[in-house]
Amino acid sequence: MNLTKKTMSDLYAMMVRIRYCEESLVGPINTGEVKTPCHLYTGQEAVAAGVLAHFTDKDHVFGTHRSHGHFLAKGGTMRQIMAEIFCRETGCARGRGGSMHLVAPEVGMLGAAPIVGGTISLALGAALAAHIRGDKRVSAAFFGDGATGEGAIYESLNFASLHKLPMVFVCENNLYATHMPIRACRNSEHIAKIAEPFCIKTWRVDGNDALKVHAAASEAVALCRAGKGPAFIECLTYRFRGHVGPDDAIQGVHTDIRPKAELAAWLKKDPIVRLERYMLGRKMMSAAGIAAIKRKAEAEVADAISFARRSPRPAPRDLEKYVCK
Amino acid sequence: MSANRRLSYSLAINEALHQCMAADRGVFLIGQGVNSPWYVGNTAQGLLERFGGKRVIDTPVSENAMTGAAVGAAIAGMRPVVEHPRVDFMLYAIDPIINEAANWHYMSGGRSACPVVIWGIINRGGEQAAQHSQALQAMFAHIPGLKVVMPATPYDAKGLMVAAIRDDNPVVFMDDRWLYRDEDIVPEKIYSVPIGKAAVRRKGDDITIVASSYLAREAVKAADILHHEGVSAEVIDLRTIKPLDTAAILRSIKKTGRLLVADGGWRSFGVASEICALAAESGIGLDRPPVRLTLPDCPAPASVSLEKVYYKHCEDIVLTAKKLCAR
């Protein structure tokens, strides 16, 4: 598929924004300024950016504990996310949710939650709502390989298929469920196959290739909009950082058990570098264009961090403010 | 339109669903057996024919994802009612109910809401044993962000279902099959019973009996018997377990000085315990220590010989109240 220059540059810019957001957090996490558990998205940017390029503000998305990328790619603002990660009143969830509960209903980011597999059925419900209303919206659930151990995903696949719901299941297979390598969790590394018994069309793509993700998602979303959903996309990817925090140094103990050679091999498949090379090679973007995108992202992140730092924390008197509506 | 139209408890729920679905296109019913009287009695009759299969969805046996789907649809702007033919089966859905629905408004800083009704039917007796009998209102009432209602009368069954559907928060609606055939006057128009307001069913001076659902009905019968035996009992039907109408309870015990709480759940850490704690913390000097009339801390048995001593009814309330009032 031939993408326009504009589409490709938007895709690239989104990935860069996500990367800069994530990497800017390494310092504040290490100094203890940011305490909320941050599951950084570095390395997986092509998935959020590639899939959500096909979603409008009216479409619905649910994420996970690792959803900084989903939030930004769905249209949430850098200031909102940064202020939430700094747990400020100006954050997207007013400092009540932190890194794992990013929400921007105004652009269809309906929420994220760290109960593994827990939001898959919520996205199922958003698709059911679209089906009942007949409003052509599509919903997506993002989840990791670890979520395939949960029963709710199979229940959701079955029901989505039974009612032909407009839902895209997006599995970000990064080969590790926290500390557990995939082969210690399941006999087959081929996750897309789990959707096949439910008669669901599947894609299995290189999740570090933004163009491949973009192409698969284009077909999957079109299928859903045509009333022929659901769809299942498995993106093979890898997190460059720890499960939580920059390097899984939890209470002083380095817990990342991934082989160094494995990490090094994946670093060579950096999705941002790959798209950059592709665009430069085809003269779809100049080095100056790329530098400008990076500068803009850097400035946006710096502004957001400064905004977060000068924003107030929630007032103690407001502790019980949002228990009930 | 008759002002004195009588309707059964179960058909009052049915009417609430009909009227809410007609009034708001965002309301839909989803759950196991919604098209089967085997599961839901006549509470869902006529809905499928009137509103179609897109809004009346009988589901595979899939409590977790079906409840999650209702929660997700609510977050996406609908007003779903997700039905569980037994409270026991709802336990598969604890994650979407507690982790997601109950916390949703709070953890989004008020940016998002989850107006879902989680309808759990208490269905016990008949030698059904421990997994077809549980009444878990205390467990749900423990959770911040959840409201819990338990209607005792046909009027409240309709009005509380309407209120639950209209509420912007997740509401656990628990009804009781033992009440399904009770008949009373139920207005034909749509109306709601306010969530969080108890009702004084009998006025009295000697003892306050706090109860809900089936035991509220039994408490009213008990009060009438006690009246003939010279004991003036005030009956407070909670109607809503959470938020609890603390003012109604405290007002009454201040007057009577005696408190009997009857609850269809277990004794320890239950609704009755909460109300006794409320009384103790209020500093209102009771004439006698309060008494809890509940299930023993024991799973539901099968054999009818055991069921007879397990479940509490009118006569248990009468006996306990008389003991409490004896001088």
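Residues numbered from 1 in each chain as written. Chains lettered and ligands numbered in written order. Predicted model: local features only at pLDDT ≥ 70, side-chain atom pairs only at ≥ 80, totals over all residues. Heavy atoms only, no water.

Student: I'd love a proper account of the pattern of salt bridges, names of residues and values included.
Tutor: All names here are of chain B. This model, assessed by the stated rule, comprises 32 salt bridges over all chains. Ionic pairing is found between glutamate 218 and lysine 221, a salt bridge with its closest N-O pair at 3.0 Å. Remark: lysine 221 and glutamate 218 occur in helix α9 (residues 213-228); sequence separation between them is three residues, near one turn of the helix. (Salt bridge = Lys/Arg side-chain N within 4 Å of Asp/Glu carboxyl O. Helix = DSSP H or I, 4+ residues; strand = E, 2+ residues; numbered from the N terminus.)

Student: Outline the nonpolar core, supporting the account with residue identities and numerical values.
Tutor: Within the largest apolar cluster, 89 residues are counted, with the highest numbers of intra-cluster contacts made by Leu124, Phe143, Leu157 and Phe232 of chain A together with Ile30, Val116 and Phe140 of chain B. When we break this core down by domain, the ones giving at least three residues each are domain 1 (6-185) and domain 2 (199-325) of chain B. With residues up to four places along the chain from it excluded, the contact list for isoleucine 30 of chain B reads Leu128 and Phe159 of chain A together with Ile57, Thr59, Met66, Ala70, Val81, Val82 and Glu83 of chain B. (Core = buried A, V, L, I, M, F, W, Y, C linked by side-chain atoms within 4.5 Å. Buried < 20%, exposed > 50% of the residue type's maximum accessible area, 1.4 Å probe, protein only. Domains from an automatic or database assignment. Contact = heavy atoms within 4.5 Å.)

Student: Go over the domain arrangement of chain B with me, naming the residues and quoting the values.
Tutor: All names here are of chain B. For chain B, the assigned domains read domain 1 (6-185) and domain 2 (199-325). Of note, the centres of domain 1 and domain 2, computed from C-alpha atoms alone, are 26 Å apart. Listed per partner, the contact involves 31 residues of domain 1 and 28 residues of domain 2. Area buried by domain 1 at its contact with domain 2 is led by Glu127, Met150 and Trp178, which between them contribute 24% of it. (Buried area = accessible area lost by both parts, 1.4 Å probe.)

Student: Lay out empty space enclosed by the protein with the relevant residues and their values.
Tutor: Residue and element names in this part refer to chain B. Summed over all chains, the structure comprises four cavities of 30 Å³ or more. As a volume, the largest cavity reaches approximately 70 Å³. Together, Ile122, Arg124, Ala135, Gln137, Met150, Asp176, Ser212, Ser213, Tyr214, Leu215, Asp263 and Gly264 line the largest cavity. Among the secondary structure elements, those contributing two or more residues to the lining of the largest cavity are α9 and β13 (259-266). For the lining of the largest cavity, the leading source of residues is α9, giving three residues. Of the residues contributing to the lining of the largest cavity, the split by class is five nonpolar, four polar and three charged. Each of domain 1 (6-185) and domain 2 (199-325) contributes no fewer than three residues to the lining of the largest cavity. (1 Å grid on protein atoms, 1.4 Å probe; cavity = no way out; pocket = protein on both sides within 12 Å on 5 of 7 lines; lining within 4 Å. Points joined across faces, edges and corners; volume = space filled by probe spheres on them. Nonpolar A, V, L, I, M, F, W, Y, C, P; charged D, E, K, R; others polar.)

Student: Describe the sheet that holds strand β7 (residues 171-176) of chain B, listing the residues and the values that go with them.
Tutor: Residues and elements named next belong to chain B. One open sheet holds the seven strands; their spatial order is β3-β2-β4-β5-β7-β6-β12, and the pairing between them is mixed. Each edge of the open sheet is held by one strand with a lone partner, namely β3 (56-58) and β12 (240-242). Strand after strand, the sheet turns through a mean of 20 degrees between neighbouring axes, direction not considered. Sheet analysis places strand β4 (residues 79-84) next to strand β5 (residues 117-122), joined by four bridges and oriented parallel. Following the sheet pairing, valine 81 is matched in β5 by valine 117. Across the face of the sheet, helix α4 (residues 63-75) comes into contact with β2 (27-31) and β4 while running at roughly 165 degrees to β4. (Pairing = 2+ DSSP bridges. Axes fitted to C-alpha atoms, helices over the stretch in contact; angles between N-to-C directions.)

Student: Can you explain the interface of chain A and chain B? Please cite residues and give values.
Tutor: Residue-level contacts link 40 residues of chain A with 39 residues of chain B. If you sort the residues of chain A by the area they bury against chain B, Ile132, Glu155 and Lys325 of chain A come out on top, with a joint share of 19%. Where chain A touches chain B, the interface holds zero salt bridges. Counting across the interface, chain A meets chain B through 12 residue pairs in polar contact (both at pLDDT 80 or more). Considering every element that reaches the side of chain A that touches chain B, the biggest residue donor is helix α6 (residues 120-133) of chain A, with 10 residues. Its residues assigned to classes, the side of chain A that touches chain B comprises 22 nonpolar, 13 polar and five charged. (Polar contact = N/O pair within 3.5 Å; in protein donor to acceptor, adjacent residues only side chain to side chain.)

Student: So what's going on with unusual backbone geometry? Which residues, and what values?
Tutor: For the bond running from glycine 229 of chain A to proline 230 of chain A, omega is -5 degrees, close enough to zero to count as cis. A cis amide bond links lysine 242 of chain B to the next residue, proline 243 of chain B, at an omega of 0 degrees. Backbone geometry places cysteine 199 of chain A, a non-glycine residue, at a positive phi of 60 degrees.

Student: Residue-level account of the pairing of β4 of chain B, with values.
Tutor: In terms of burial, β4 of chain B is largely enclosed, as six of its six residues are buried. By the alternation rule, side chains of β4 of chain B split into Arg79, Val81 and Glu83 of chain B and Pro80, Val82 and His84 of chain B, which are all buried.

Student: Please give an account of the sheet that holds β13 of chain B that cites residues and values.
Tutor: Residues and elements named next belong to chain B. A sheet is described by the order of its strands in space; here five strands give the open sequence β9-β11-β10-β13-β14, paired in mixed fashion. Pairing within the sheet leaves two strands with one partner each, and these edge strands are β9 (199-202) and β14 (291-295). This sheet shows a mean twist of 25 degrees between the axes of neighbouring strands, independent of strand direction. Across five bridges, strand β10 (residues 207-211) lies against strand β11 (residues 233-237) in parallel orientation. Within β11, the position partnered with valine 210 by the bridge is isoleucine 236. The sheet strands contacting α9 are β9, β10, β11 and β13, and the helix crosses β11 at an angle near 165 degrees.

Student: Describe in detail the environment of valine 138 of chain A, supporting the description with residues and values.
Tutor: All names here are of chain A. Structurally, valine 138 can be placed in the loop between α6 and β3 (139-144). With relative accessibility at 2%, the residue valine 138 sits in the buried group. Note: C-alpha distance between valine 138 and methionine 167 (29 residues apart in sequence) is 5.8 Å. When sequence neighbours within four positions are dropped, the list of residues in contact with valine 138 reads Phe55, Asp59, His60, Pro166, Val168, Val221, Cys224 and Arg225.

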